[in-house]
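Descriptive structure summary
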Amino acid sequence: MTRNSIDVASRVSPHLSALLRSRVNNPECEQPVTLIAVRRFFGDLLPADFNEAERMHRFDIGESLLDELDALIEEFGATALAVDFTQTAASESLSRAIEATINDENRENPPTLAAIRDAILSGLGARMVGDGALEDDEGDTLLAEIEALIEQFGADTLAEDFLRYE
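Report follows, based on the coordinates. Just so we're clear, the structure is a prediction, and the values are computed from it rather than from any experiment.

Reading the values: the criteria
Residues numbered from 1 in each chain as written. Predicted model: local features only at pLDDT ≥ 70, side-chain atom pairs only at ≥ 80, totals over all residues. Heavy atoms only, no water. Helix = DSSP H or I, 4+ residues; strand = E, 2+ residues; numbered from the N terminus. Expected span 1.5 Å × (residues − 1). Patch = residues over 30% accessible without salt bridge, like charges linked within 9 Å, V, L, I, M, F, W, Y side chains within 5 Å. Areas by Shrake-Rupley, 256 points an atom, 1.4 Å probe, with all protein chains shown as cover. Salt bridge = Lys/Arg side-chain N within 4 Å of Asp/Glu carboxyl O. Lys, Arg positive; Asp, Glu negative; His and termini not counted. Charge placed at Lys NZ, Arg CZ, Asp CG, Glu CD. Buried < 20%, exposed > 50% of the residue type's maximum accessible area, 1.4 Å probe, protein only. Phe/Tyr/Trp six-rings, centres within 6.5 Å; stacked < 30°, edge-to-face > 60°. Contact = heavy atoms within 4.5 Å. Core = buried A, V, L, I, M, F, W, Y, C linked by side-chain atoms within 4.5 Å.

**Overview of unusual backbone geometry**
Here the bond from Gln-31 into Pro-32 is cis, since omega is -5°, no more than 30 degrees from zero. Its place among the elements puts Pro-32 in the loop between helix 1 (14–24) and helix 2 (35–45).

Put into structure tokens, the structure is as follows:
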């Protein structure tokens, strides 16, 4: 199985990305998780007559998750790794912390996830709460979230890749 060299995750809806991520992160799933494995799992959850009923009585204009998944399988192959199609972004509060670190005048290089963790450990969250940029409860979750990103992507990954733009 070859990993896709293009950023295919940007072409996947947030809902399908969340479904794929849940399968990839499920310790009971046989690894590596492929698109066809997710398709089988998703298809097994639906009643047998669902596909026909959905196609005949479609009320929404957008694609269903099954249609979107089928299109990905058709374009990239059934054995494409599901992890390649998952979107990962920081929460809104962590995105604010990343931006605050990026905009730090004393910083010479773009911050990595480790640099963001170090800034949080040095009181960045508390300063942002004090400045009104974050709510009290938001500042409390920053460390756990950045640790999870470091565990998944590595400490030397650029933090700006995880900024959430809404």
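**Side note on helix 4 (residues 65–76)**
The terminal C-alpha atoms of helix 4, which comprises 12 residues, lie 16 Å apart, in line with the 16 Å expected from a rise of 1.5 Å per residue. Taken from the residues just after helix 4, Gly-77 is the one with a positive phi, measuring 100°.

**Let's talk about a negative patch on the surface**
A cluster of like negative charges, contributed by Glu-135, Asp-136, Asp-137 and Asp-140, occupies part of the molecular surface. Judged by relative accessible area, Asp-136 falls into the exposed class, the value being 55%.

**Brief notes about the packing of aromatic side chains**
Using the criterion set out here, one finds two aromatic pairs in the structure. Geometrically, the ring pair formed by Phe-76 and Phe-85 is edge-to-face, given 5.3 Å between the ring centres and 65° between the ring planes. You'll find Phe-76 and Phe-85 in the same group, each marked buried. Judged by centre distance (5.0 Å) and plane angle (55°), the rings of Phe-153 and Phe-162 are tilted. Accessibility expressed as a relative area gives 5% for Phe-162, which makes it buried.

**Digging into the side chain of Ser-93**
Looking at the element boundaries, Ser-93 is found in helix 5 (residues 92–102). The exposure class of Ser-93 is buried, given its relative accessible area of 6%. The residues contacting Ser-93, other than those within four sequence positions of it, are Leu-134, Glu-138, Thr-141 and Leu-142.

**What to know about the nonpolar core**
With 19 residues, the main nonpolar core has Leu-16, Leu-20, Leu-35, Val-38, Leu-69, Leu-72 and Phe-85 as its most contacted residues. For this core, the elements supplying multiple residues, two or more each, are helix 1, helix 2 and helix 4. Among the elements that take part in this core, helix 4 stands out by supplying five residues, more than any other. The residues touching Leu-20, leaving out its near neighbours within four places in the chain, are Leu-35, Val-38, Leu-69, Ala-82, Phe-85 and Thr-86.

**A word on the pattern of salt bridges**
On inspection of all chains with the given rule, the structure shows four salt bridges. Put simply, Asp-70 and Arg-39 hold a salt bridge, and the shortest N to O gap is 2.6 Å. Placement of the pair is Asp-70 in helix 4 and Arg-39 in helix 2, with a sequence separation of 31 residues. A relative accessible area of 26% means that Asp-70 is categorised as partly exposed. For Arg-39, a relative accessible area of 18% gives the class buried. For Glu-147, the salt bridge is made with Arg-117, and the minimal N-O distance between the two is 3.8 Å. With a gap of 30 residues between them, Glu-147 in helix 8 (residues 136–153) and Arg-117 in helix 6 (residues 113–121) connect regions that are remote in the sequence. By relative accessible area, which is 33% here, Glu-147 ends up partly exposed.

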